[in-house]
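A look at the structure
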Amino acid sequence: MMRQYELVERVKAYNPGADEGLLNRAYVYAMRAHGTQKRASGDPFFAHPLEVAAILTDLRLDDATIVAAVLHDTVEDTAATLDEINRVFSPEIGTLVDGLTKIKRLDLVSKRAAQGENFRKLLLAIAADVRVLLVKLADRLHNMRTLQHMPAEKRARIAQETLDIYAPLASRMGMQELREELEDLSFVNLKPDVYATIAKRLADLSAKSERLVESIERDLIAKLAHAGITATVKGRQKRPYSIWSKMERKSVAFEQLSDIFGFRVIVDTVDTCYRALGVVHTTWPMVPGRYKDYISTPKQNDYRSIHTTVIGPKSQRVELQIRTTAMDEIGEYGIAAHALYKDGAPHLATESGAYQWLRRTIELLAEGDSPEEFLEHTKLELFQDQVFCFTPKGRLIALPRGATPIDFAYAVHTDVGNTAVGAKINGRIAPLLTELQNGDEVEIARADGQIPPAAWESLVVTGKARAAIRRATRSAVRRQYAGLGRQILDRAFERAGKNFSDEKLRGALPRLARQSTEDVFAAVGRGEMFSGDVVKAVYPDYKDERRAASQPAPGGPRPHVTGAGRLSLDKDQTVRLTWPGKDATGKDGGKGPGSGGETTEDGAIPIRGLDSDLLVRFAPDGGAVPGDRIVGILTPGEGVTIYPIQSPALAAFDNEPDRWLDVRWDVDGASNQRFPARLALQSINEPGSFAQIAQVIADHDGNIDNISMKRRTQDFTDVTIDLAVWDLKHLNAIVSELRAKRVVSRVDRVNG
Ligand code: MN
């Protein structure tokens, strides 16, 4: 355990003016408060706050932060009170400890809504003083380092929380080294087998390429020196978690990862950075598409560096980061680097990008309607990298990765988004759904009186755009439903052999308890009212004779229908696709209007509530699973086909926005309902390779519906697997594990 004088020495090493008396008081106070408390490891509890303080001295933080670290568990876990801390230390330190105590009481890995609410509280606690976050991150790091002493079920939970909340926060604050350690510690606890596999392969690889790394380093230094540039070059291996997430994200196998080694070139000035870049690019061919200049356009967390990849010595792809010493410090320590002692006075730069982000996020708290919605866009913004785009006048618009010109338009102004009809990217006309790239210049074409298509809501990635589209399309969605309802009613009256007009319907409004015909159409369109009931309301003596008869499918081949679903419109005016539990899928013998209990010849079950007028089916090639962002394509008289948003088949409906229904999943977790998905694999031909693939799927409790195989070459076989899975997470778990298998050279999801 760290001694009292050691703590003081560590602080004095970087801050000769540190308040020794204050540090000593904190040490003694916390030691007495924790007394004989023990940690799960059996160590004295007091060792923990000291380790946390030690981590923060590495970041060279000010006295108040170090003292808060030493005291951080006293109010929650001992007899110490906040009043006493305010008195013995200072209100400044009291505020820090109070923030940490509040965070400790939050349960971040809880139900979605509760998680959203707690995440808000977390950010509010941090808002009081960003140093609270620095102490919390150090606290979490030490807890993760000693996680092996906790019971298994707690380990998984804490590791998941670290991965979901704290690692992204560290990244946001620019603290990359801390983030990487948190991620790897989470990874080893969550997926020990996968971690071990990757770590072993990394070790093998680095043993093989040790000489190569050294020679590349030497080569770089020599070439730069020749041009009169003094540089420090650091070769660096990627971390297991970062490799794993890249394999997941880019759908590549370990062998296909070319950039497992990176090199950092550190020079003195910005000017030298660009000169060094010139030397590198004239010495070795650059790999197109890999050059990024974060010096002229820093990331939101203040990260600055030039990135490039070249075909270096021995035809090896070499990833380079070129930056100054100061940039390197910010790259590693982020917001904490701003806290370095300058002119002998401590200060956390409030103008730093990371701090600005925190402020903005907290402002959103005040505006957000529901915690869930808040979490939705905070998470999006936390977990996705940024792209930087420009208006024609050169205004910088930062957007999350995956953003489209629609997001861009809403980021510029809500009116621009609402009236957007087209976009030019870098001077060329491009679809509004194009994924924007860094540096794109985007010009939005507008038309007045335009209503954004409802489908946009599930295509945009920014919370701002989504909220604006939701507002603007609320009435448009209603009209869409009314149109659908009118079609359904037209057919219902026709089948019943009865005349139908708005006039006649108006006469029946009191019986239907609706205000207007439009209300009736919308209610039928939404499935809240049955067409048969409307016919009866208009013609009270009409008898529905076809209820028991099975309804043949309207023309053409039918894609398979996987169960009884229901489209409904919730209070946000969002269409929800609901899948009730198995016992409610019509096996209940047809209780309640519309459920009918009847199935058609191919086992399809009419959608509940719509009296078999509207069938919900999945895209025939590939299907869709909960977690996919989906749209419904309406075919009047036939039903709704659900496609994942990324399905190329959707292009066929681009010019028919009226047919797009914005659909959300609403799946009952207890329903045991599986959903169809298709994977395309390429496997290496060797004995047992197929058994390994099947085993992965079996281990994950995936159902294989169908498999087809085609030997492509002597070495490879193409395999198509139709699966039934619970949801996207389930599917991704299977895909990720398949990708980690040596016998699998690639795996892709097929989407129609
Ligand atoms: Mn603690």
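Everything quoted here is computed from the prediction, not taken from an experiment. (Residues numbered from 1 in each chain as written. Predicted model: local features only at pLDDT ≥ 70, side-chain atom pairs only at ≥ 80, totals over all residues. Heavy atoms only, no water.)

1. Some remarks on the coordination of the manganese ion
Our working definition: Only nitrogen, oxygen and sulfur atoms within 2.8 Å of the metal, or 3.2 Å for Na, K and Ca, are treated as donors, and water is left out, so sites may look incomplete. Type-normalised accessible area, obtained with a 1.4 Å probe on protein chains alone, sets the label of each residue: buried when under 20%, exposed when over 50%, and partly exposed for intermediate values.
Looking at the manganese ion, one finds its protein donor set to be H48 (NE2), H72 (NE2), D73 (OD) and D139 (OD), positioned 2.2 to 2.3 Å from the metal centre. Positions of the donor residues of the manganese ion along the chain correspond to the pattern H-x23-H-D-x65-D. Residue class for H72 comes out buried when judged on its relative accessible area of 2%.

2. Considerations on the nonpolar core
Basically, it comes down to this: Definition used in this section: a nonpolar core is a set of buried Ala, Val, Leu, Ile, Met, Phe, Trp, Tyr and Cys residues joined via side-chain atoms within 4.5 Å. Put simply, DSSP marks the helices as runs of H or I at least four residues long and the strands as runs of E at least two long, and each gets a number from the N terminus on. Note on contacts: a residue pair is in contact if any heavy atoms of the two residues lie within 4.5 Å.
Residues L56, I66, L71, F89, I93 and M175 are the most contacted members of the largest nonpolar core, which totals 65 residues. In terms of residue count, helix α9 (residues 130-145) provides more of this core than any other element does, 9 residues in total. Setting aside anything within four residues of it in sequence, one finds M175 in contact with L59, L134, L137, A170, E332, Y333, G334, I335 and A336. Residues F493, V640, I693 and I697 belong to the second largest nonpolar core, which totals 54 residues.

3. So, the packing of helix α10 (residues 152-172) against helix α11 (residues 176-190)
The line we're drawing: Convention adopted: a line fitted to C-alpha atoms gives each axis, helices being fitted over their contacting stretch, and angles between N-to-C directions are expressed from 0 to 180 degrees. Reported orientations rely on four angle classes, namely roughly parallel under 35 degrees, roughly antiparallel over 145, roughly perpendicular from 65 to 115, and oblique for the rest. Note on convention: the crossing is left-handed when the near helix lies turned anticlockwise from the far helix by less than a right angle, right-handed when the turn is clockwise.
Where α10 contacts α11, the axes come no closer than 9 Å and their chain directions differ by 160 degrees. The orientation of α10 with respect to α11, classified from their angle, is roughly antiparallel. Along this stretch, α10 crosses α11, giving a crossing that reads as left-handed. In contact with R155, A156, A159, Q160, T162, L163, Y166, A167, A170 and S171 of α10, α11 contributes Q176, L178, R179, L182, E183, S186, N189 and L190.

4. Focus on helix α2 (residues 20-34)
To be explicit about the condition: Helix span, expected: 1.5 Å multiplied by one less than the number of residues in the helix. The term polar contact refers here to a pair of N or O atoms within 3.5 Å; inside protein, the definition further demands a hydrogen-donor-capable atom paired with an acceptor-capable atom, and it admits residues adjacent in sequence only when both atoms are side-chain atoms.
With 15 residues, α2 extends 21 Å from end C-alpha to end C-alpha; this agrees with the ideal 21 Å at 1.5 Å per step. On its buried face, α2 is in contact with α1 (4-14), α3 (47-58), α4 (63-71), α5 (74-77), α6 (82-88) and α7 (91-104). A distance of 3.2 Å separates the backbone nitrogen of G21 from a side-chain oxygen at the start of α2, and that oxygen is part of D19. Looking at the residues trailing α2, positive phi occurs at G35, about 50 degrees.

5. Overview of the pattern of salt bridges
Stated formally: By definition here, a salt bridge exists when the distance from a side-chain nitrogen of Lys or Arg to a carboxyl oxygen of Asp or Glu is within 4 Å.
Within the structure shown, the criterion is met by 30 salt bridges. Across the pair R60 and E329 runs a salt bridge, and its minimum N-O distance is 3.2 Å. Pair noted here: R60 is in the loop between α3 and α4 and E329 is in helix α15 (residues 325-333), with a separation of 269 residues, a long-range link. Notably, a salt bridge pairs R264 with D328, separated by 3.8 Å at the nearest N-O pair. With a gap of 64 residues between them, R264 in strand β2 (residues 261-267) and D328 in helix α15 connect regions that are remote in the sequence. Given the relative accessible area of 9%, D328 is considered buried. Each of the salt bridges in this network shares a partner with another, and the network as a whole consists of K234, R264, R323, D328 and E332.

6. A short note on the confidence of the model for the protein chain
Convention followed: The pLDDT value expresses, per residue, how confident the predictor is, ranging between 0 and 100.
Counting all residues, the mean pLDDT for the protein chain is 78, and 76% of those residues have values of 70 or more. In this model residues 340-346 is a low-confidence stretch, pLDDT under 50, and it forms 13 contacts with partners more than four residues away in sequence or in other chains.

7. Focus: the packing of aromatic side chains
Rule in force here: Each Phe, Tyr or Trp ring (for Trp, its six-membered ring) is paired with any other whose centre lies within 6.5 Å, and the angle between the two planes then decides the class: stacked below 30 degrees, edge-to-face above 60, tilted in between. A ring is scored as having a charge over it whenever the NZ atom of a lysine or the CZ atom of an arginine sits within 6 Å of its centre and within 35 degrees of its normal.
Applying the stated criterion across every chain, the model contains 11 aromatic pairs. Look at Y29 and F89: their rings are 5.4 Å apart centre to centre, the planes differ by 90 degrees, and that puts the pair in the edge-to-face class. One end of the pair, Y29, is in helix α2; the other, F89, is in the loop between α6 and α7, with 60 residues separating them in the sequence. As far as burial versus exposure is concerned, Y29 and F89 are alike and both buried. Where F493 meets F500, the ring centres are 4.3 Å apart and the plane angle is 15 degrees; that geometry is what we call stacked. Taking the ring centre of Y294 as reference, the NZ or CZ of K299 above it sits at 5.0 Å. One residue, K498, lies across the ring of Y539, its end atom 5.1 Å from the ring centre.

8. Some details on the environment of G262
Within the secondary structure layout, G262 lies in strand β2. What makes G262 buried here is its relative accessible area of 15%. Once the C-alpha coordinates of G262 and G235 are considered, the two residues, 27 residues apart in sequence, prove to be 5.9 Å apart. Those residues in contact with G262 that lie beyond four places of it in its chain are K234, G235, R236 and E319.

9. Focus: the sheet that holds strand β10 (residues 442-446)
This is how the line gets drawn: DSSP-based pairing: two strands are paired if at least 2 bridges between them are found.
Read from one edge to the other, the open sheet built from 3 strands follows the order β9-β8-β10, with strand pairing classed as antiparallel. On the outer flanks of this sheet lie β9 (428-430) and β10, each paired with one strand and no other. Averaged over neighbouring strand pairs, the angle between their axes works out to 35 degrees when direction is ignored. Sheet topology places strand β8 (residues 420-425) next to β9; 3 bridges connect them, and they run antiparallel. Paired with A423 across the two strands is A430, which belongs to β9.

10. Thoughts on the pairing of β2
Across the 7 residues of β2, 7 count as buried, placing the element largely inside the fold. Residues of β2 alternate between two faces, with F261, F263, V265 and V267 on one and G262, R264 and I266 on the opposite face, all of them buried. With 6 bridges joining them, strand β1 (residues 232-237) and β2 adopt antiparallel strand pairing. By the bridge assignment for β2, K234 is matched with R264. Bridge count between β2 and strand β5 (residues 317-324): 6 bridges; the pairing is parallel. Bridging from a neighbouring strand, F263 pairs with L320 of β5.

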